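One letter stands for each residue in the lines below.
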Amino acid sequence: MGSTSVKARQAGVLVAILRGAGRAGLIGLAAVVALACAPRSSGDPTARDTDRPAEAFAAPDAAMVETLRVGTSGDYAPFSHWPEGASAPSGFSVDVARAFAQARGARIEWVRFGWSELALDLAAGRFELALSGITVRPDRSTLGRFSLPLTTTSATALVLSDSRLATPADLERPGLRIAVNRGGHLERVARTTFARARIEAVEGNAAVPARLADGRADAVLTDDLEAPLWQRALPPTRAIGPLTRDRKAAWFPLDQEDLLLAFDRWLLAAEASGELARLRARHGLADSPTAAPLPALLARLDERLALMPGVARAKQALALPIRDPAQEARVHTAARESAARAAREFGVEPPRDSALRRFVDAQLAAARFVQDRERAGHARAETDRRVEATAGTRSNDAPDADADGDAPTSARRAEVARAELDERLRPAVAYLMDRSVWLAVASTAERRAESANGARASDAATPPASVSREAVADALADHALPPELVTELHSALEALEAARPEARDPGRRTPVTAPPHATPRARACPARPAPRDTTPSA
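Keep in mind that this is a model prediction, so the values were computed, not measured.

Rules of the game
- Residues numbered from 1 in each chain as written.
- Predicted model: local features only at pLDDT ≥ 70, side-chain atom pairs only at ≥ 80, totals over all residues.
- Heavy atoms only, no water.
- Helix = DSSP H or I, 4+ residues; strand = E, 2+ residues; numbered from the N terminus.
- Buried < 20%, exposed > 50% of the residue type's maximum accessible area, 1.4 Å probe, protein only.
- Contact = heavy atoms within 4.5 Å.
- Areas by Shrake-Rupley, 256 points an atom, 1.4 Å probe, with all protein chains shown as cover.
- 1 Å grid on protein atoms, 1.4 Å probe; cavity = no way out; pocket = protein on both sides within 12 Å on 5 of 7 lines; lining within 4 Å.
- Points joined across faces, edges and corners; volume = space filled by probe spheres on them.
- Pairing = 2+ DSSP bridges.
- Axes fitted to C-alpha atoms, helices over the stretch in contact; angles between N-to-C directions.

A. Expanded view of the overall build of the protein. Counting its secondary structure elements, the protein contains 18 helices and 13 strands. Counting only residues that meet the buried cut, the protein has 51% of its 538 residues in that class. Of all intrachain contacts in the protein linking residues separated by at least 6 positions in sequence, the fraction that spans at least 24 positions is 77%. Here the protein has roughly 23000 Å² of accessible surface; of this, 53% comes from carbon and sulfur atoms.

Here's what the structure looks like:
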């Protein structure tokens, strides 16, 4: 996708943007850079078989690297704990990285990061992936690419047991002191959820609980996994929450797409074999198969919809309509190409065109709904702003200033919006559509392997619904979709399930054979493949 010098220049631009950004501008303008040399995919040959066969996700032999640089914070148990003087970190995220590296035949070089510098470190290429209980978030979805989800958590506030604070509403009080880790996801949660409180961002997550213990904070913000660990070292406390529902995943730079695909293939196999379940149990995480094809597909739909408010704002600035039939036609074409590639990758037939079209149309309808609502909310806010200005509650009606203090021109706003839409949002949205189709085909491969193993031979002709409407509604609850859209998304998923080959022709069976696992030895990097053509889909 360009020469090495172009790639370096693009990465340098992103680093410069991140260095100069304030809180509101931290997300920056991420350039799409060339694919880096990285391994393709692998399974774990030592994993035991279960009723969900891991061989469905085994990958052909692939190039590997000798050393894998993994970013970790070391201050976020049970994901990553790296006390001073210890030679290496420990925790769930650390064990996941080790298992993946072992399957790849690579050694790990641990790179410690601080939460405030995480995005900058990712853009600067300090590591090939970051694994440290990192929360999937829209701004991060455009700066890098997330793996399949590893687990879910919920933001939780801790208060002393004798505190009068009892509900989330009690924390939304002027002057109330809430301590939280600086630069992490929870700082953003605190500032948006408790806008009237006094948020005190503390450098270093491990230093946060002491603020509650010594009376410098009325509450501290953590999550439901870390909270019990903090409570053991604190005076008696109570938890208030849950306040959010967050997915945790590995985060990859934009130029590590091949490595990300290898990691996702390994996650599918590790989830199917039970290896991920064992790692979760070891560290006290919920027993929920978040990296299985269908739960991961719902997570991708959620992540894609989370980008739609930003898409709507960019279109508004450019005076573009929400609905663009030509663009949607390109999305359908890209989805068919994605399905064909995934079908070749997994050795199965692609879904019927009619089922795939319905699945894409359902996503587009949900995306338009979120964009329309965002635009309507923007229009109401603009009306309120003008009313305030007319009533004299604002000192003037001037637009907000640029970073250099000058009022932005229409041309400048349009330029920024165009870059935001074309260079950050649309590539991320296109990637997530591609991955949702990939996971739909992966689900077919999983079920084909189950059938070949006799796991579902008795009911292959009339398979049960793979995902309930309630599961779809729960996964997308943050977007408050109307019931008819939730129903259509669920029906579209069912149509994809009915379109798989066994459901169409139960007498037809394509044998599933596991391609050889990558052998644990280093190998020179081959010529870099041409990047896949992903058509923007927003």
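B. Representation of empty space enclosed by the protein within the structure. Tallying each qualifying case throughout the model produces six cavities of 30 Å³ or more. Reported here for the largest cavity is a volume of approximately 170 Å³. Along its surface, the largest cavity is lined by 16 residues, and Tyr 76, Gly 184, His 185, Leu 186 and Lys 248 are the ones closest to its centre. Counting only elements with at least two residues in the lining of the largest cavity, the list comes to strand 5 (129-135), helix 6 (185-193) and strand 13 (246-252). Of the residues forming the lining of the largest cavity, the biggest block, three residues, is contributed by helix 6.

C. Region of the structure containing the sheet that holds strand 8 (residues 155-160). Strand order in the open sheet made by the five strands is 10-9-11-8-12, with mixed pairing throughout. The open sheet has two free edges, formed respectively by strand 10 (198-202) and strand 12 (237-240), since each of these has just one partner strand. Taking each pair of neighbouring strands and ignoring which way they run, the sheet shows an average axis angle of 30°. Here strand 8 runs beside strand 11 (residues 219-223); their pairing, made up of four bridges, is antiparallel. Bridging from a neighbouring strand, Thr 156 pairs with Thr 222 of strand 11. Each of strand 8, strand 9 (177-181), strand 10 and strand 11 is contacted by helix 6, which is oriented at about 130° to strand 11, the strand it contacts most.

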